[in-house]
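Residues per chain are reported as follows:
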Amino acid sequence: MPQKISRIYLTGFMGSGKSSLGCILANTIGYGFYDLDKEIENSANKKITDIFKDSGESYFRDLEAETLVKVSKSSHIVVALGGGAVLRKSNLDLTKSTGKLVYLRSSASELYNRLKFKTDRPLFQTVDNVIISEEEALNKIKLMMAEREPIYNQADIVFDTDNKTLGMSVDSLKNYLEKHFEISYEKN
Ligand code: S3P
């Protein structure tokens, strides 16, 4: 009997497609969708960049943990986590104990190409509030990836998104999940 999954959490680096893929996946399988960063912005009534600027990263991380606890009370949901959420052990444990954690893996160069025109990633755009060059940005991604991969790799499922269109990734992740688990709409 395949195991039922009520919550699918997506993790991975900034730009790995958690929000775009998560939203389509949720619609396709009939689950609700939460974007954790958007939930934080709604409850703080501020953009993530401003939360970082005004109150610092550790304040943001506390809000992130609180918001995750709230969101995880719903069931039949797909949740796009922020890229740093699982670095806090309690968040990692919560995702794995209440659902399945999927790591959307991409190479540093692909992430860089997806992120280079974005201006809303405080950790990636600046160091000490100074705008960084392309080379520094790529190096920063590589460094952060090296630190984070051991944690991302603790996910229940590691799913490669390199060289796949968004549509291909959604299809193949959906097929994988349906093959290995029971995706059920019934509330239980
Ligand atoms: C962060 C990723 C961002 C956001 C914040 C910090 C990180 O979310 O939560 O800027 O530490 O990787 P995305 O991964 O959705 O960009």
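To be clear, the structure that these remarks concern was listed above.
**Q** Is there a simple way to explain the sheet that holds strand S5 (residues 100-105) in this structure?
**A** For sheets, the rule is that strands pair by backbone hydrogen bonds, running either parallel or antiparallel. Reading across the sheet, the five strands line up as S3-S4-S2-S5-S8 and stay open at both edges, with parallel pairing between neighbours. In this open sheet, the two edge strands, each paired with only one partner strand, are strand S3 (32-35) and strand S8 (157-160). The sheet shows a mean angle of 20° between the axes of neighbouring strands, taken without regard to direction. Across four bridges, strand S2 (residues 7-11) lies against strand S4 (residues 77-80) in parallel orientation. Residue isoleucine 8 lies in a different strand from S4, and its bridge partner there is valine 78. Across the sheet, helix H9 (residues 166-180) lies against S2, S5 and S8, angled at about 155° from S8, the strand it touches most.

**Q** Teacher, can you tell me more about the packing of aromatic side chains here?
**A** How two aromatic rings sit relative to each other is set out by the distance from centre to centre and by the angle between their planes. Enumeration according to the criterion identifies two aromatic pairs in this entry. A cation over an aromatic ring shows up here: lysine 164 above the ring of phenylalanine 159, its NZ or CZ 4.5 Å from the ring centre.

**Q** How should I be thinking about helix H5 (residues 89-98) in this particular structure?
**A** Because an α-helix completes one turn every 3.6 residues, residues spaced three or four positions apart along the sequence face the same direction. Taken residue by residue, H5 has Asn91, Leu92, Leu94 and Thr95 as its buried positions. Angularly, the buried residues of H5 cover 165° about the axis, an arc narrow enough to put them on a single face. The outward face of H5, more than 90 degrees from its buried face, is lined by the exposed residues Lys89 and Ser97. Those residues of H5 that are buried are in contact with S2, helix H4 (57-71), S5 and helix H8 (134-152).

Parameters at a glance
- Residues numbered from 1 in each chain as written.
- Predicted model: local features only at pLDDT ≥ 70, side-chain atom pairs only at ≥ 80, totals over all residues.
- Heavy atoms only, no water.
- Pairing = 2+ DSSP bridges.
- Helix = DSSP H or I, 4+ residues; strand = E, 2+ residues; numbered from the N terminus.
- Axes fitted to C-alpha atoms, helices over the stretch in contact; angles between N-to-C directions.
- Contact = heavy atoms within 4.5 Å.
- Phe/Tyr/Trp six-rings, centres within 6.5 Å; stacked < 30°, edge-to-face > 60°.
- Lys NZ or Arg CZ within 6 Å of the ring centre and 35° of its normal.
- Buried < 20%, exposed > 50% of the residue type's maximum accessible area, 1.4 Å probe, protein only.
- Arc of directions from axis to C-beta.

By themselves, these figures tell us nothing about what the structure is for.
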